[in-house]
Amino acid sequence: MGAHENEVVEQLRHNSLTSLKLKSAWEQHIIFEALKVNSTLTQLNVDYWKPANCSDALIEVLEVNTTLTQLGLCCESTPLSQLFWFCDPNSWPQRNINSFAEALKVNNTLTQLAVRGYGIGDEGAKAFAETLNVNNTLTQLAFVHDDIGNDGAQAFAEALKVNNTLT
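None of these values were measured; they are calculated from a predicted model.

## Focus: the pairing of strand β5 (residues 140-144)
Right, so step 1: For strand β4 (residues 112-116) and β5, the ladder comprises five bridges, and the chain directions are parallel. The residue bridging V115 from the neighbouring strand is F143, located in β5.
Right, so step 2: Following the chain from β4 across helix α5 (residues 121-132) to the adjacent parallel β5, one finds a crossover that is right-handed.

## Overview of the packing of α5 against helix α6 (residues 150-160)
For any two helices packed against each other, one specifies the crossing angle of their axes together with the interaxial distance.
Right, so step 1: Across the interface, α5 lies against α6 with an axial gap of 8 Å and an inter-helix angle of 5°. Regarding the angle of α5 to α6, the classification is roughly parallel. Packed against α5, whose contacting residues are D122, A125, K126, F128, A129 and L132, the element α6 presents N150, D151, G152, A155, F156, A159 and L160 at the interface.
Right, so step 2: In terms of residue class, the contact of α5 with α6 is built from eight nonpolar, two polar and three charged.

## Let's talk about the sheet that holds strand β3 (residues 70-74)
Right, so step 1: Across the sheet, which stays open at both edges, the five strands sit in the order β1-β2-β3-β4-β5 with parallel pairing between neighbours. For this open sheet the edge positions go to β1 (19-22) and β5, each flanked by a neighbour on one side alone. Pairs of neighbouring strands in the sheet enclose a mean axial angle of 0°, with direction left out of account.

## Points about α6
Right, so step 1: Among the residues of α6, those classed as buried are G152, A155, F156 and A159. Along α6, the residues classed as buried sweep out an arc of 95° about the axis, all on the same side.
Right, so step 2: Buried residues belonging to α6 abut α5 and β5.

## Some thoughts on the pairing of β4
Right, so step 1: Both β3 and β4 contribute to a ladder of five bridges, which runs parallel. Bridged to L71 within β4 is L113.

## Structural notes on the confidence of the model for the protein chain
Right, so step 1: In this model, the protein chain carries an average pLDDT of 83, and 84% of its residues clear a pLDDT of 70 or more.
Right, so step 2: Taken element by element, the protein chain is modelled with least confidence in helix α1 (residues 3-13), mean pLDDT 77, and with most confidence in α6, mean pLDDT 97.

## Examining the packing of aromatic side chains
Right, so step 1: Scanning all chains against the criterion turns up six aromatic pairs.
Right, so step 2: Between W92 and F100, the ring centres sit 5.3 Å apart and the planes meet at 85°, which makes this aromatic pair edge-to-face.
Right, so step 3: According to the relative accessible area criterion, W92 is buried, its value standing at 3%.
Right, so step 4: Among the aromatic side chains, those forming a connected cluster through ring pairs are W92, F100, Y118, F128, F143 and F156.

## Comments concerning the pattern of salt bridges
Right, so step 1: Under the definition given, this model contains eight salt bridges.
Right, so step 2: A salt bridge links R13 to E10, with the nearest nitrogen and oxygen atoms 3.4 Å apart. With R13 and E10 both in helix α1 and three residues apart, the pair spans about one turn of that helix.
Right, so step 3: When its relative accessible area of 43% is taken as the criterion, R13 is described as partly exposed.
Right, so step 4: In this structure, K161 engages E158 in a salt bridge whose closest nitrogen and oxygen atoms are separated by 3.1 Å.
Right, so step 5: K161 sits in the exposed class, given a relative accessible area of 61%.

## As for the nonpolar core
Right, so step 1: Counting residues in each nonpolar core, the largest one holds 45 residues, and the members touching the most others are F32, L44, F100 and F128.
Right, so step 2: Not counting the four nearest positions on each side in its chain, L44 is found in contact with L20, L22, F32, L35, L68, Q70, L71 and G72.

What counts and what doesn't
Residues numbered from 1 in each chain as written. Predicted model: local features only at pLDDT ≥ 70, side-chain atom pairs only at ≥ 80, totals over all residues. Heavy atoms only, no water. Pairing = 2+ DSSP bridges. Helix = DSSP H or I, 4+ residues; strand = E, 2+ residues; numbered from the N terminus. Right-handed = clockwise from strand over helix to strand, strands pointing away. Axes fitted to C-alpha atoms, helices over the stretch in contact; angles between N-to-C directions. Parallel < 35°, antiparallel > 145°, perpendicular 65-115°, else oblique. Contact = heavy atoms within 4.5 Å. Nonpolar A, V, L, I, M, F, W, Y, C, P; charged D, E, K, R; others polar. Buried < 20%, exposed > 50% of the residue type's maximum accessible area, 1.4 Å probe, protein only. Arc of directions from axis to C-beta. pLDDT = per-residue confidence, 0-100. Phe/Tyr/Trp six-rings, centres within 6.5 Å; stacked < 30°, edge-to-face > 60°. Salt bridge = Lys/Arg side-chain N within 4 Å of Asp/Glu carboxyl O. Core = buried A, V, L, I, M, F, W, Y, C linked by side-chain atoms within 4.5 Å.

Next up, the structure:
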């Protein structure tokens, strides 16, 4: 880990950051470990997030962190004007998507979640939709370029019938 990365980890451990944007794939699991004890960070955006390598660590953050309110996950760093994101659609295994969605059921601080470019498909959408039946803190949820079809959209439509917190 380089000097910048060490500085970020120390700032997280000493609760001196409220917002963080990770623009590289460096040692994300170390950042997530530090977030387990951090009590000040409210916004985290992760470009180049590699779920196959560190989704368990992020799931644990969702289960124990009590201050993170906004989370953005993107498979690469791209300008908003770019129309296509290129990620391996299998980079986020279904079992990890299910575990992530389960963690959202017990998380009571995250209000905004954006997932971009992981191709979670209908099965992933169904897992997240099921979360909406239980989670009452998410107010904004966005999936972009995630290959969600009719079945996934239908699952979200059904969940929105009982969820009253998404705006």
